[in-house]
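Take a look at the letters that make up each chain.
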Amino acid sequence: MELVAITGGIGSGKSVVARMVQVMGHEVYDCDSRAKAIMTESPEVRQQLEQAFGKDTFMADGTLNRPHLSAVAFADDDALARLNGIVHPATARDMQQWAEIQARKGAAVAFVETALLHTAGLDRLVDKVWHVTAPARVRIERVMARSGLTAEQVEARIKAQVNEDRIADGEAVLVNDGEAAMLPQVLHLLARN
């Protein structure tokens, strides 16, 4: 089975591409949603998060206190590195288990949607990379519209992912600038698989 990463910085439109390939019948592992689930569901990860970020990391009902964790992690590079050091390995293990299941089901290709392909070390686990790009202005506007974050908050998150914006050799590029049609680009790349 071929495992293809769909990546790009925050607001680039990688989720749009992931939904397209899903609608076409392909399985997609969403690293962001799985990482959030793992932070809540895995006793080992929960314990590590509480040790690193305090009891306020989880609410009284056991749910993740996202505002607290975001405020701590995005304000300090060391805290973000600690968070990533806990969550990324757990998500990579979960993704590998998912990929094994897809292969056993007989899938010829499966996809992994991730904003942190290189940072999380997932680039070593996939066969191909589709890199979704968009101008910074467009990305900021998209994230502000869907999240309620300020432009400064979005820019801080873009800055935290700066290594992910570089396009490595061999990565296919999809332009999602609001003008170029996405479907023909996706169909072209699917035809190459």
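Structure's up top.
Residues numbered from 1 in each chain as written. Predicted model: local features only at pLDDT ≥ 70, side-chain atom pairs only at ≥ 80, totals over all residues. Heavy atoms only, no water.

Caption draft 1: Main features of the environment of His 131. Structurally, His 131 is set in strand E4 (residues 128-133). Overall, His 131 belongs to the buried group, its relative accessible area being 1%. The sequence separation of His 131 and Glu 164 amounts to 33 residues, and the corresponding C-alpha distance is 9.5 Å. Sequence-distant contacts of His 131, that is, excluding residues within four places in its chain, are made with Thr 7, Gly 8, Glu 164, Asp 165, Arg 166, Ile 167, Glu 171, Ala 172, Val 173 and Leu 174. (Helix = DSSP H or I, 4+ residues; strand = E, 2+ residues; numbered from the N terminus. Buried < 20%, exposed > 50% of the residue type's maximum accessible area, 1.4 Å probe, protein only. Contact = heavy atoms within 4.5 Å.)

Caption draft 2: Representation of the packing of helix H3 (residues 43-53) against helix H5 (residues 77-104). Where H3 contacts H5, the two axes come as close as 10 Å, and the packing angle between them is 175°. Taken as axis vectors, H3 and H5 run roughly antiparallel relative to one another. Across the interface between the two elements, Glu 44, Val 45, Gln 48, Leu 49, Ala 52 and Phe 53 from H3 touch Ala 79, Arg 82, Leu 83, Ile 86, Val 87, Ala 90 and Arg 93 from H5. For the contact of H3 with H5, the class distribution of residues is nine nonpolar, one polar and three charged. (Axes fitted to C-alpha atoms, helices over the stretch in contact; angles between N-to-C directions. Parallel < 35°, antiparallel > 145°, perpendicular 65-115°, else oblique. Nonpolar A, V, L, I, M, F, W, Y, C, P; charged D, E, K, R; others polar.)

Caption draft 3: View of the packing of helix H2 (residues 31-41) against H3. The N-to-C vectors of H2 and H3 enclose an angle of 85°; their axes lie 6 Å apart at closest approach. Taken as axis vectors, H2 and H3 run roughly perpendicular relative to one another. Contacts between H2 and H3 involve Ile 38, Met 39, Thr 40 and Glu 41 from the former and Pro 43, Val 45, Arg 46 and Leu 49 from the latter. In terms of residue class, the contact of H2 with H3 is made up of five nonpolar, one polar and two charged.

Caption draft 4: Summary view of the pairing of strand E3 (residues 109-114). Among the six residues in E3, six count as buried, and that is most of the element. Of the two faces of E3, both are covered, the one formed by Val 109, Phe 111 and Glu 113 as well as the one formed by Ala 110, Val 112 and Thr 114. One ladder, built from six bridges, connects strand E1 (residues 2-7) with E3; its direction is parallel. Bridge pairing in E3 places Leu 3 opposite Ala 110. Sheet topology places strand E2 (residues 28-30) next to E3; three bridges connect them, and they run parallel. Bridge assignment links Val 28 to a residue of E3, and that residue is Phe 111. (Pairing = 2+ DSSP bridges.)

It is worth stressing that arrangement in space is one thing and function is another; only the former is reported here.
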